[in-house]
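# Notes for the structure review
Here is how the chains run, residue by residue.
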Amino acid sequence: ATMVGVVIARTPLIAATRTEFLLLAKPTDVATLVTSVAYLKPRITIICSIAYTCISLCIYVGLEQDGPDSDVVGFFFGSLVVLALQITVILFVHQAIGDGIRGEVEAKQERKYRTALMSLLSSMCDAVVELDCQRRIVDHASALSHLLLHGPGRSLRGSTLNDFMPEEQDQQRFDSSLEDPNTPMLHVVLRDCL
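Residues numbered from 1 in each chain as written. Predicted model: local features only at pLDDT ≥ 70, side-chain atom pairs only at ≥ 80, totals over all residues. Heavy atoms only, no water.

Of note, arginine 135 is a non-glycine position whose phi angle comes to about 65 degrees, a positive value. The residue arginine 135 is located in the loop between helix 4 (72–124) and helix 5 (142–147) in this model. Using a relative accessible area of 26% as the deciding quantity, one classes arginine 135 as partly exposed. Its identity as a non-glycine residue notwithstanding, leucine 149 has a phi of 65 degrees, on the positive side. Examined against the element boundaries, leucine 149 turns out to sit in the loop between helix 5 and helix 6 (168–179). (Helix = DSSP H or I, 4+ residues; strand = E, 2+ residues; numbered from the N terminus. Buried < 20%, exposed > 50% of the residue type's maximum accessible area, 1.4 Å probe, protein only.)

Below, the structure written as C-alpha cells:
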C-alpha cells in the first residue's frame with residue numbers, strides 16, 4: 001500500500017502542457033525507480049510501475065501540445081524504455097537478494113548437518129579428525145592428540161595422518177583409501193609420542 005501511495009503522490013498532475021509534464025516526469029521516473037528497489041516486492045512494484053506508465057501516457061496525451069518536443073510516439077517509447085529499465089532493475093535486485101538469502105540458509109543448514117555428523121561420529125569413535133583437500137588436519141584434534149599421548153597442549157592442526165604412520169605400506173594404503181570412496185574400513189598403525 002505504501003508503494004502505491006508513493007507512486008500516485010509523485011505523479012505529475014499539475015502540468016498544463018506537455019513540456020511542463022516532461023520536466024516533472026523525469027525526476028518522478030527516477031524517484032519511482034528508487035522506491036521500486038527500496039520496497040523489494042517485485043510483483044507489486046512491477047504492477048505499480050506499469051500503472052504509473054499507463055497513467056502518465058493518458059495524462060500526456062490529454063495535455064495540449066506546445067512544441068516540437070511534445071511528440072506522443074516519442075514519449076510512449078521513452079516511457080517503455082523507462083518501464084523496461086525499472087522492471088530489469090527490480091528483477092535483478094530481487095534475484096540478487098534472493099540468491100544471497102538462499103546462500104545463507106544453505107550455509108546454515110550445512111553447518112547443522114556437519115554438527116550432527118560430527119556429534120554422531122564422536123559418539124561412535126574415540127577420535128574424529130577432519131581433513132582438508134590437502135589431507136591436513138583442519139582443527140586441533142584434541143581427542144586424537146590425547147589418544148596418541150601428545151598431551152592436552154599439543155595441536156595437530158596442519159599435520160597429516162601420514163605423519164603418524166611409521167609404516168610406508170600403511171601410508172600408501174591410507175592414501176589409496178582416501179581416493180576410493182568405497183573403502184569400507186582401513187586398519188593402519190599410528191605411532192604415539194612414546
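Turning next to the confidence of the model for the protein chain. In regions of low pLDDT, the predicted coordinates are not meant to be interpreted in detail. Of the residues in the protein chain, 75% reach a pLDDT of 70 or more, and the chain-wide mean stands at 75. Helix 4 holds the highest mean pLDDT among the elements of the protein chain, 85, whereas helix 1 (residues 2–10) holds the lowest, 38. Segment residues 1–13 is flagged for pLDDT under 50; beyond a separation of four residues in sequence, or across chains, it makes 26 contacts in the model. (pLDDT = per-residue confidence, 0-100. Contact = heavy atoms within 4.5 Å.)

This brings us to the pattern of salt bridges. What the rule picks out here adds up to five salt bridges. Across the salt bridge formed by arginine 102 and aspartate 99, the nearest N and O atoms sit 2.7 Å from each other. Taken together, the residues arginine 102 and aspartate 99, both in helix 4 and three residues apart, mark about one turn of the helix. A salt bridge links arginine 135 to aspartate 175, with the nearest nitrogen and oxygen atoms 3.3 Å apart. Of the two residues, arginine 135 is situated in the loop between helix 4 and helix 5 and aspartate 175 in helix 6; the sequence distance between them amounts to 40 residues. Linked by salt bridges that have partners in common, Arg135, Asp175 and Glu179 make up one network. (Salt bridge = Lys/Arg side-chain N within 4 Å of Asp/Glu carboxyl O.)

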